[in-house]
Amino acid sequence: MKPTRLALMVALTATPLWAQETRELDAHVHGVSTLDLAVESTIVEMNLMSPGMDLVGFEYAAKTDADKDKVEAAIRAILLPENVISLPQAADCRVTEVLAHLHAGDNDHDHDHDEATDAHSHDEGEGHDHTEAGAHSEFHARYIFACSHPEKLTTLGFPFFERFENAQEIEARYITAHGAGAAEIDRSTAELTLD
């Protein structure tokens, strides 16, 4: 297991405040995404989970071409970290890995992009249905950055709200060399200040 993931898991399970705010996959709230962020040494890892309603405007099975196009467009959008998060230029970060995934019932729709190898893969799952009738869909995105000056990661911006009009809030949990914290980020204050 990577050290960043281990640190994030320890921090998330050890903090009672976060335990109170934990949201199960099937019990997600429309308009509310979650973000787990860990900064370890020069590596930054972020995991974003967003309800399908927030990114594409629906959670039913994407049967029509128009609905399938919306799902594909949302995945393409979150494959570009700059559509979701803005890191300070002074931190001198470069993306090293991106994964975008739609989980809907038993069907998963994955895209990933490894910047180091410039490889892109796409796994559409059996039957390529994006959701099952009555199932809640949730988009997942993971970003890993290598930063030359991680100490400059003080305030992070979220163009995510500009890109996805149905998104209203991000419940963020983070861990840095200075400790752990939690914050609610919304359209009016689309920034996260790391302690």
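Located above this text is the structure these notes cover.
Reference entry: report on the structure contained in this document.

Some remarks on the overall build of the chain
Okay, step 1: Scanning the chain from N- to C-terminus turns up five helices and 10 strands.
Okay, step 2: For the chain, with 195 residues in total, the buried portion stands at 47%.
Okay, step 3: With an accessible surface of roughly 9,800 Å², the chain has 50% of that area assigned to carbon and sulfur atoms.

Focus on the nonpolar core
Okay, step 1: In this structure, F158 and F160 are the most contacted members of the largest nonpolar core, which totals 42 residues.
Okay, step 2: The set of elements that each furnish at least two residues to this core consists of β1 (32-40), β2 (43-51), α3 (52-56), α4 (65-78), β3 (93-104), β6 (137-147), α5 (160-163) and β8 (169-176).
Okay, step 3: Contacts of F160, omitting those with residues within four sequence positions, involve S33, L48, S50, L55, N83, V84, A167 and I170.

Re unusual backbone geometry
Negative phi characterises most residues that are not glycine, and trans characterises most peptide bonds.
Okay, step 1: The phi torsion at S41 lies on the positive side, around 60°, for a residue other than glycine.
Okay, step 2: In this structure, D92 takes a positive phi of about 50° despite not being glycine.
Okay, step 3: Assignment of secondary structure puts D92 in the loop between α4 and β3.

Some words on the packing of aromatic side chains
Okay, step 1: Inspection of every chain in the model, using the stated rule, returns two aromatic pairs.
Okay, step 2: Seen in terms of ring centroids, F160 and F161 are 5.7 Å apart; in terms of plane orientation they differ by 75°. Their pairing is edge-to-face. Grouping residues by exposure puts F160 and F161 together as buried.
Okay, step 3: Measuring from ring centre to ring centre gives 5.3 Å for F160 and F164, while their planes differ by 50°; the resulting arrangement is tilted. For the pair formed by F160 and F164, the shared burial category is buried.
Okay, step 4: The rings of F160, F161 and F164 are connected pair by pair, giving a single aromatic cluster.
Okay, step 5: Over the aromatic face of F164 sits the side chain of R163, whose NZ or CZ is 5.3 Å from the ring centroid.

Quick look at the state of the cysteines
Okay, step 1: A complete count under the given rule lists one disulfide for this structure.
Okay, step 2: The disulfide that involves C93 links it to C147, with 2.0 Å between the sulfurs. Sign of the S-S torsion, about 110° for the bond between C93 and C147, identifies this disulfide as right-handed. Linking C93 in strand β3 with C147 in strand β6, this pair joins segments that are 54 residues apart in sequence.

Points about the pattern of salt bridges
Okay, step 1: Considering all chains together, one arrives at two salt bridges under this definition.
Okay, step 2: For the salt bridge of R173 with D36, the shortest nitrogen-to-oxygen distance reads 2.7 Å. Linking R173 in strand β8 with D36 in strand β1, this pair joins segments that are 137 residues apart in sequence.
Okay, step 3: Accessibility expressed as a relative area gives 16% for R173, which makes it buried.
Okay, step 4: Between R142 and E97 there is a salt bridge, with its nearest N and O atoms 2.0 Å apart.

Considering the side chain of T176
Okay, step 1: Structurally, T176 is set in strand β8.
Okay, step 2: Among the polar contacts made by the side chain of T176, one reaches the main-chain amide nitrogen of H178 at a distance of 3.1 Å.
Okay, step 3: Residues in contact with T176, not counting those within four places in the same chain, are V39, L194 and D195.

What counts, and at which threshold
- Numbering of residues starts from 1 in every chain and runs along the sequence as written.
- Totals for whole chains, interfaces and linings use every residue, but because this is a predicted model, local features are given only for residues with pLDDT of at least 70 and side-chain atom pairs only at 80 or more, for both listing and counting.
- For side-chain calculations, the full set of non-hydrogen atoms in the structure is used, while hydrogens and water are omitted.
- The helix and strand labels rest on DSSP assignments: H or I over at least four residues marks a helix, E over at least two residues marks a strand, and numbering proceeds from the N terminus.
- Each residue is assigned to one of three classes by its accessible area relative to the maximum for its type, calculated with a 1.4 Å probe on protein chains only: buried under 20%, partly exposed between the two thresholds, exposed over 50%.
- Accessible surface is estimated by sampling points in the Shrake-Rupley manner with a 1.4 Å probe; for residues, cover comes only from the protein chains shown.
- Nonpolar cores were defined as sets of buried Ala, Val, Leu, Ile, Met, Phe, Trp, Tyr and Cys residues, with membership established by side-chain atoms within 4.5 Å.
- Any two residues whose heavy atoms approach within 4.5 Å at even a single point are treated as in contact.
- Pairing of aromatic side chains here covers Phe, Tyr and the six-membered ring of Trp, requires ring centres within 6.5 Å, and sorts the geometry by plane angle: under 30 degrees stacked, over 60 edge-to-face, intermediate tilted.
- Two thresholds decide whether a charge sits over a ring: the Lys NZ or Arg CZ must be within 6 Å of the ring centre and within 35 degrees of the ring normal.
- What counts as a disulfide here is a pair of cysteine sulfur atoms lying within 2.5 Å.
- Salt bridges are identified by distance alone: a Lys or Arg side-chain nitrogen within 4 Å of an Asp or Glu carboxyl oxygen.
- In protein, a polar contact requires one atom able to donate a hydrogen and another able to accept it; more generally it is a pair of N or O atoms within 3.5 Å, and residues adjacent in sequence count only if both atoms are side-chain atoms.

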